[in-house]
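Structure assessment
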Amino acid sequence: MVRIVADSTCDLSPELVKRFNISILPLHVILGDKEYKDGVDITLDELFAWSDENKTTPKTSAPSMEDAVDLLKPIIEAGDEIIAFSISFSMSTSGNVMRIAAEELEAEDKVTVVDSKNLSTGIGLLVCKAAEMANEGMSRSDIVAKLDELIPKVRASFVVDTLTYLHRGGRCSGAARFAGTALKLHPRIEVVDGAMQVSKKYRGKYSAVVLNYVKDMEEAMMKADPTRVFITFTGVAKEIEDSVREYLESLNKFDEICITYAGGTVASHCGYGTLGVLFIDDSK
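So, a few notes on the structure that sits alongside this text. What you see is a predicted model, and the numbers here were worked out from it, not measured in a lab. (Residues numbered from 1 in each chain as written. Predicted model: local features only at pLDDT ≥ 70, side-chain atom pairs only at ≥ 80, totals over all residues. Heavy atoms only, no water.)

Let's talk about helix α9 (residues 206-215)
- Of the positions making up α9, those classed as buried are Y206, V209, V210, Y213 and V214. In an axial view of α9, the angular spread of the buried residues amounts to 135°, which keeps them on one side of the axis.
- Residues of α9 that are buried in the fold lie against β9 (157-160), β11 (186-192), β12 (195-202), α10 (218-221), α11 (238-250) and β15 (274-280). (Buried < 20%, exposed > 50% of the residue type's maximum accessible area, 1.4 Å probe, protein only. Helix = DSSP H or I, 4+ residues; strand = E, 2+ residues; numbered from the N terminus. Arc of directions from axis to C-beta. Contact = heavy atoms within 4.5 Å.)

Printed below as a string of structure tokens:
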């Protein structure tokens with residue numbers, strides 16, 4: 001049997017994690033001299049409150065080796081194989097921790113670590129696909145081969161309320177260039193070749209900006225894999241969430257519209273007021 005493991009940056013809801021029997025390896029969120037496990041013992045409200053109080057951006061770090069070994073060990077001992085998803089290798093050493101954990105368990109031949117070249121539910125889309133293939137009885141090698149085809153087709157983007165967090169964290173190409181006007185603009189961040197970059201700047205009321213951002217993707221979404229689309233956010237007004245969901249429903253394109261909160265890792269670098277619509281481009 002092939003089991004699916006993903007680090008916590010995949011930002012899947014507890015319901016999806018349970019449905020697809022996914023094992024989650026948490027990254028760490030660092031607030032001053034205290035360290036927390038992403039999605040385990042820190043909430044977004046606590047993260048943003050600390051950030052506002054200290055006027056700085058939280059830091060994140062890769063999963064611990066101990067946690068990785070503890071997660072993989074019982075799966076290996078049960079005789080199963082593993083496909084383990086990591087946030088883009090260019091953003092974190094999470095994938096390397098998984099590899100070394102497999103070596104520690106002398107199970108390199110049973111574990112494939114996948115560089116998602118993405119983040120958040122850009123990873124989650126791949127994780128769900130892999131879990132569906134595993135449930136259909138596909139082999140690990142066949143699943144990995146299919147993932148190699150899917151990874152370049154993932155379309156992950158977000159519109160953010162401010163570039164302040166990304167600028168402070170140095171995670172986004174172009175953030176420094178727009179830092180001076182970050183509070184007046186709502187930049188669109190795209191993941192390209194495993195890295196985040198500013199692709200467009202929106203002006204105006206945030207609720208209108210978010211809907212314009214989604215409408216800009218309509219042509220691409222109409223060519224997307226219809227299985228599912230994600231709406232993922234760090235914190236937005238309920239009416240904004242509803243307007244995006246209703247718009248996607250009006251397209252009559254997707255079998256499932258999944259709504260998830262971004263985890264502490266993504267929130268630490270993107271800040272409050274970030275919303276993304278993520279899907280797989282099926283046009284090629």
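Focus on the packing of helix α3 (residues 65-77) against helix α4 (residues 94-104)
- Running from N to C, α3 and α4 point in directions that differ by 60°, and their axes come no closer than 9 Å. Comparing their axes, α4 and α3 come out oblique. In this structure, α3 crosses over α4, and the sense of that crossing is right-handed. Mapping the contact onto sequence places M65, A68, V69 and L72 in α3 and V97, M98, I100, A101, A102 and E104 in α4.
- A breakdown of the residues in the contact of α3 with α4 according to their chemical character gives nine nonpolar, no polar and one charged. (Axes fitted to C-alpha atoms, helices over the stretch in contact; angles between N-to-C directions. Parallel < 35°, antiparallel > 145°, perpendicular 65-115°, else oblique. Left-handed = near helix turned anticlockwise from the far one by under 90°. Nonpolar A, V, L, I, M, F, W, Y, C, P; charged D, E, K, R; others polar.)

Structural notes on the packing of helix α5 (residues 121-135) against helix α6 (residues 140-150)
- Two elements in contact, α5 and α6, have axes separated by 10 Å at closest approach and are oriented at 150°. Relative to α6, the element α5 is oriented roughly antiparallel. Considering the relative orientation of α5 and α6, their crossing is right-handed. From α5, L126, K129, A130, M133 and A134 reach across to α6, where they touch I143, K146, L147 and L150.

Details of the pairing of β11
- When you tally the buried positions in β11, you get five out of seven residues, the bulk of the element.
- Strand direction decides the pairing type here: β9 and β11, joined by three bridges, are antiparallel. Across the sheet, the residue bridging to V159 is R188, located in β11.
- In the sheet, β11 pairs with β12 via seven bridges, with the strands oriented antiparallel. Each residue of the ladder has a partner; that of V192, found in β12, is A195.
- Hairpin remark: β11 followed by β12, antiparallel, with two residues in the connecting loop; positive phi at D193, about 50°. (Pairing = 2+ DSSP bridges.)

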